[in-house]
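# Fold and geometry: a report
Each chain, letter by letter, is given below.
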Amino acid sequence: MDRSETQMGLKNTTLMSRRRAITIMGAASGLPLAGIATQSGAAAANLYTWEGAALGAQASMTLAHPSREGAERIIDLAVAEVRRLEAIFSLHLESSELAALNRDGRLSRPSMDMLTLMTEAVRFGSISDGAFDVSVQPLWKLYSAHFRNNKGDAKGPAQGEIDDVVKLVDYRRIDVNPLFINLDKKGMEITLNGIAQGYITDKVSELLRANGITNVLVSLGETRALDTHPNGRPWLVALKDPSNPNRTDRTIDLTDMSVATSGGYGTEFDTAGRFHHLFNPGMGTSALQHLGVSVITPRATVADALSTAIYVSPTDRADAIARKAGNVTALLTLADGRERVIRA
Amino acid sequence: MVVGGIFGGRVMPANLVLRAMRNIAVGLVMAVAGTLFTVPAAQANWVDDVKDLLTPEFLAQVWPGEEITLGEPEGRPLAIPVFVDGEQVGYLISTKQVGNYGGYAGSPFDVVAGFTNTGQVTGAAMLLSHSEPIIGHGVPQSRLERYLAQLNTVHIWNRYTAALQPNVTQGATISAGLMRDAVILGARVVIRTRGDVYVGPPTVDRTGFEALAWEDLISGGSMVRLSLTNRDVAEAFALAGYNEARPDIPLGEDPDGTFLEFFAALATPASIGQNILRQKEYENFSREFADQMFILAGVGEYDFKGEAYRHAANQKRFDRVQIVQNGNVIYFHGDQYKYKGRLETGQGREGKVLNQAGVFGVDDPLFDPLAPFMIQVLVHGTADDAAITIPFEVAYQLPARHILGLEEEEMAMGALSSSDARPIWVQAWIDQQIDVAVLAVALIILTIMLIKQDAISRHRYAYKFIRLGFLAFTLGWLGWYANAQLSMINVLVYLQAPFRDLAWTSYMVEPLIVIVAGYTVFSLFIWGRSLFCGWLCPFGALQEFLARIAKLFRIPQFQVSRETHKKLWPLKYVVFAALVPLAFFSPEVMVGAVEVEPFKTAITSHFQNRGFWFVVYAVAVLAVGLVMERAYCRFLCPLGAGLAAAGRFNLVRFLKRKPECGTPEGETAGGCHLCEVSCEFQAIEPSGRIDESECFYCLDCQVEYFDDQRCPPLAVERKRRERGLPPKSAQAPGRKTFPGGLVPQPAE
């Protein structure tokens, strides 16, 4: 039996962290994924890989397709979609709608994507009673500036500074409607990093589905399974062990479901891990009650936002948030290593 | 080691392990027999031989970092349990062994890999024996070793990890890929069959095997039985409701004789299929009927298979047996049928021989093997020269022991309804379904109240109670709780909608606003703008409550002259007219300009967390309202102006008037001015006409209208009635009775 591997700029990379890795594996309808051995061992399809960067992270897409032209076309489409959305949601691209919103405090005539995602963001704010808050960007700025400028000061920013910035964090002060998005307070800033990856995952999934690519596992920061594995089984997705992010500790089956994981381990400001990017919006400090939270639900946007919301909420609030959101399974790893499963 | 393994959560009896090992031994012998000239003889006894090769140094490669001890090799595919501190934590497998199991045996290497019970590969290395010189194959051994060393990053369930494409091993790519696949596939099978984890939606257990005798299958519900005597069939035909109904096949003489003894089972689960069929048969059939398969068997006078399935004219369907599930008929087909010959229901003398047996594949997407269904045996006959069919049926529900994932905690993930990735606006409506229902009920009550306005206006105090009650709802629930304050922003958003290429769904994400807006548009045609302003505007309600309180505390009320009123009310239209173009040409400016509405401060933000001047403005507006009721609504509110402009076209006027109301046309004084004075909003002109654009539909004028203590014409009628005089209106209909004019004080 023969197995051919066609490569488009394919390079071997070391195992990337799943949160940062952007991977799409899919197959045209009816074709099994290359590299997946069936019982008979007969399956073979060409494997095409693209590597690049998206939303500031390394990204790759892998796709099995009978023809090189077909694969290139679809990868081009998917990359173009990622680029298009990146140009809207990026914090760092000066021309992005988000950057304009943060600069001016208002944005008139938001695009459909910006409008939809901001509406979702505010909705998750209210579902989670403010645990998920896209207006935490000033906090992130405060912390990153603090740790950049005071490398030795491990205590974090002064309480006074935090208190001043926390006043700017309130999703209810964001007006979203088709005419404009308005930040009600001077100095407010938005980050969509807690939800845009999920949204992009959803949009690329829809695009692939519209182009006849079924049975896909799309992993653009968050993971969404379209349909089943080409073999008919559910997709199997391994979750990182939150206490040792270099290993995986459990697998879940996904069929037409998305999973998102939040953990502070990705972006510690300090070596002790007491300060990271997931803030409790009300207190202005990094949330430490969980090591990791994974949320499984149909849409990646929802999974992305809820995993953050539950991560920064007190553990006893998690049930209520999951119940409000509905159709959610959440896997929580508490700070002491205990695990909880919530279904709602 | 523990004798026996864990089998789908149940302890597997030791004899089954032995049976499995026997199977492997047989398989090994056969494999060796076929490849004797290429494989050294030492491989034949891998189980024994391999132990000598698993040196501590080697084990450190495949299971680094922990002190492990090995159990006895066991199971199918063969795996060696790994123990750490006496606890079984994982397995070692050999690609040679799982490769044989998995179907490829071409790789010349034997790779041993370790993995944990949860599926994390711990390491992999080539097992080198003196009898297998690897150099001879011309493959760069070091590259292969480097590749294998990376396998410890693999999680066996995590196949989408693109990091481990074996293209580092130039010259041995295919071998490397096969090894990786053998490790992953073998490890999966080992975990699926022996591990205590199955994570996923419920599915038919095709691997977990448990020895069950025929009686066990029957008593556990794995197999069902249908026994029909000749009498049963004759009675069924007799009761079918036809004259002279009889089966096409003549029934036997003996009424107690067996017409058909029928057995049916879903054969897909290993613990059913492999207990009825021989293992090899089960595996062959499983491959052939990839979806689901049944075993149907019978004995008796009736051949349940019939002949129809042989003929294309019948679409090769079996016409004497079928499945019914959820109202769908699932047919068995001749193309998916394998003759099985005979089956015995038990050992020795107790066993009954079933001489008609077959294996039937089912790949109908409508069929759900986990859900209950009926298996029907059909007996065809004639009645009144027409064909009839009598079904005999037996219910089947696959027992839970054959379903993987049902008892597992993680199963609930499968219970999540899939494919309902709802769009956000649908989600919003579902989220707020209770609020939507409350609002809908409130609007229905409001509509009924206004239809019955004459009836409730007759009762001054009841009416006051009803109105204040509804306004309390509007302010407290609709405004402060649900934040469903319709504002200029909504109007402008809707106005510019035709010129934007946003999906209509963008306008649906706030259910309560959509409903209030929709109801308001509807009401414009019937009641004009006044319905929203007077009943559904939370800020309006707030002003009205404050005015009531002001009057309670006897704060002097101030009323502008009619001339000033006429100069002031157009102001709100100016504000409206200024805002509309901003929506189209400069939304940035509009964001600030709509702050002329104090709604956000007073209603949606509860006066909190807003800039100082916004609060000052809102308080100032409300303060003016304390001395002049609804001053904001009357003179400034652009939303009210917009609605009033649109409400010009309302079709009907419900507010009742009398001929006596107001100064008659062509005169400069006279007529009744009771309502005019009682209207706080100066919406009633001296002529008696109600200016609907300025009206808030508070119904105060209607309360006066029906009050026979206060409305002069009614009071006159009442007094005449009390004196026993005939109604004056009978004498002089339509005559104005108050030529001198009459201006009473408004009622409290």
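All values derive from a computational prediction rather than experimental measurement. (Residues numbered from 1 in each chain as written. Chains lettered and ligands numbered in written order. Predicted model: local features only at pLDDT ≥ 70, side-chain atom pairs only at ≥ 80, totals over all residues.)

The next thing to look at is the overall build of chain A. Secondary structure summary: chain A contains eight helices and 16 strands in total. Taking the intrachain contacts of chain A between residues at least 6 apart in sequence as the baseline, contacts between residues at least 24 apart amount to 60%. (Helix = DSSP H or I, 4+ residues; strand = E, 2+ residues; numbered from the N terminus. Contact = placed C-beta atoms within 7 Å.)

Attention now goes to the overall build of chain B. When helices and strands are counted, chain B shows 29 helices and 19 strands. Restricting the contact set of chain B to residue pairs at least 6 apart, pairs at least 24 apart contribute 68%.

The subject of this paragraph is the packing of helix α15 (residues 460-481) of chain B against helix α19 (residues 538-552) of chain B. All names here are of chain B. It is the contact of α15 with α19, at a shortest axis distance of 8 Å, that shows an interaxial angle of 130°. Comparing their axes, α19 and α15 come out oblique. Classified by chirality, the crossing of α19 by α15 is left-handed. Of the residues in α19, those in contact with L471, T474, L475, L478 and G479 of α15 are P538, A541, L542, E544 and F545. Residue composition of the contact of α15 with α19, grouped by class: seven nonpolar, two polar and one charged. (Axes fitted to C-alpha atoms, helices over the stretch in contact; angles between N-to-C directions. Parallel < 35°, antiparallel > 145°, perpendicular 65-115°, else oblique. Left-handed = near helix turned anticlockwise from the far one by under 90°. Nonpolar A, V, L, I, M, F, W, Y, C, P; charged D, E, K, R; others polar.)

Once that is clear, we can look at the nonpolar core. The nonpolar side chains of a soluble globular protein tend to be buried, and buried together. Ranked by size, the top nonpolar core spans 153 residues in total, and within it V295, L306, I310 and A330 of chain A carry the most contacts. Broken down by element, the residue count for this core peaks at nine residues, all from helix α7 (residues 300-312) of chain A. Contacts of A330 of chain A, omitting those with residues within four sequence positions, involve V293, V295, I310, A318, A322 and I342 of chain A. With 46 residues, the next largest nonpolar core counts M223, I295, A297 and F304 of chain B among its residues. (Core = buried A, V, L, I, M, F, W, Y, C linked by C-beta atoms within 7 Å. Buried ≥ 20, exposed ≤ 12 C-beta atoms within 10 Å, placed from the backbone.)

Looking now at the sheet that holds strand β3 (residues 69-70) of chain B. Residue and element names in this part refer to chain B. Spatially, β3-β4-β5-β6-β7 is the arrangement adopted by the five strands of the open sheet, whose pairing is antiparallel. In this open sheet, the two edge strands, each paired with only one partner strand, are β3 and β7 (121-126). One ladder, built from five bridges, connects strand β6 (residues 111-116) with β7; its direction is antiparallel. Residue pairing for β7: F115 is matched across the bridge by V121. (Pairing = 2+ DSSP bridges.)

The next point concerns helix α26 (residues 638-647) of chain B. Residues and elements named next belong to chain B. Of all ten residues in α26, eight are buried, a share of seventy percent or more. Within α26, the full set of buried residues consists of P638, L639, G640, A641, G642, L643, A644 and G647. If you follow the buried residues of α26, they end up packed against α16 (488-496), α17 (511-526), α18 (530-536), α21 (570-585) and α25 (631-635).

Attention shifts here to the pairing of strand β12 (residues 292-299) of chain B. Residue and element names in this part refer to chain B. The element β12 is extensively covered by neighbouring structure, given that seven of its eight residues are classed as buried. Relative to β12, strand β11 (residues 258-266) runs antiparallel, the two being bridged by six bridges. Across the sheet, residue E261 finds its bridge partner in β12, namely V299. Summarising the sheet, β12 and strand β16 (residues 353-362) pair through seven bridges and their orientation is antiparallel. Opposite L296, over in β16, you have G358 as the bridge partner.

What follows covers the sheet that holds strand β6 (residues 180-183) of chain A. All names here are of chain A. What the three strands build is an open sheet, ordered β4-β6-β5; its pairing is antiparallel. If you trace the sheet from one side to the other, it starts and ends with β4 (106-108) and β5 (174-176), each paired once. When strand polarity is set aside, the average angle formed by the axes of neighbouring strands in this sheet is 5°. Here three bridges tie β4 to β6, and the two strands are oriented antiparallel to one another.

Residues and elements named next belong to chain B. The buried count for β11 comes to seven of nine residues, which makes it a mostly enclosed element. Of the pairings in the sheet, the one linking strand β9 (residues 223-229) to β11 comprises seven bridges and is antiparallel in character. Directly across from R225, in β11, lies its bridge partner F263.

For the rest of this paragraph, the subject is the environment of L643 of chain B. All names here are of chain B. As for its position among the elements, L643 is in helix α26. It is 8.6 Å that separates the C-alpha atoms of L643 and T520, two residues lying 123 residues apart in sequence. With sequence-adjacent residues up to four places away left out, L643 is seen in contact with T520, L524, R529, F532 and C533.

On to α19 of chain B, then. Residues and elements named next belong to chain B. Given a rise of 1.5 Å per residue, 15 residues ought to cover 21 Å, and the 21 Å separating the end C-alpha atoms of α19 matches this to within 8%. For α19, every residue scored as buried is listed here: P538, F539, G540, A541, L542, Q543, E544 and A547. One or two steps after α19, the chain reaches R554, where phi turns positive at roughly 55°. (Expected span 1.5 Å × (residues − 1).)

Turning our attention to the environment of Q150 of chain B. Following the sequence through the fold, Q150 of chain B ends up in helix α5 (residues 141-150). For Q150 of chain B and G123 of chain B, which are 27 residues apart along the polypeptide, the C-alpha to C-alpha distance reads 7.7 Å.

Let us look at the confidence of the model for chain A. Residues and elements named next belong to chain A. Per-residue confidence for chain A gives a mean pLDDT of 74, with 70% of residues at or over 70. Confidence, expressed as mean pLDDT per element, reaches its minimum in chain A at strand β1 (residues 22-28) with 48 and its maximum at helix α2 (residues 97-104) with 94. Contacts from residues 26-45, a stretch scored under 50 in pLDDT, to residues over four places away or in other chains number 55 contacts. (pLDDT = per-residue confidence, 0-100.)

The subject of this paragraph is unusual backbone geometry. All names here are of chain B. Backbone geometry places R630, a non-glycine residue, at a positive phi of 55°. Here R630 falls in the buried class, since 24 other C-beta atoms lie within 10 Å of it. Phi at Q682 is positive, roughly 55°, even though this residue is not glycine. With respect to the element layout, Q682 can be found in the loop between α27 (674-678) and α28 (700-706).

Attention now goes to the confidence of the model for chain B. Close reading of the predicted structure is inappropriate where its pLDDT is low. All names here are of chain B. Taken as a whole, chain B shows an average pLDDT of 77; of its residues, 76% reach a score of 70 or greater. Confidence drops under a pLDDT of 50 for residues 730-748, and excluding neighbours within four residues, the segment shows 30 contacts in the predicted structure. Across the whole predicted complex the pTM is 0.56, and at the interface the ipTM reaches 0.72.

Moving on, we come to the packing of helix α1 (residues 68-89) of chain A against helix α6 (residues 196-210) of chain A. All names here are of chain A. The N-to-C vectors of α1 and α6 enclose an angle of 150°; their axes lie 10 Å apart at closest approach. In this view, α1 runs roughly antiparallel relative to α6, as classed from their interaxial angle. The crossing of α1 and α6 is right-handed. Contact residues: α1 offers L77, A78, E81, V82, L85 and F89, while α6 offers A196, I200, K203, V204, L207 and L208. A class-by-class count of the residues in the contact of α1 with α6 yields ten nonpolar, no polar and two charged.

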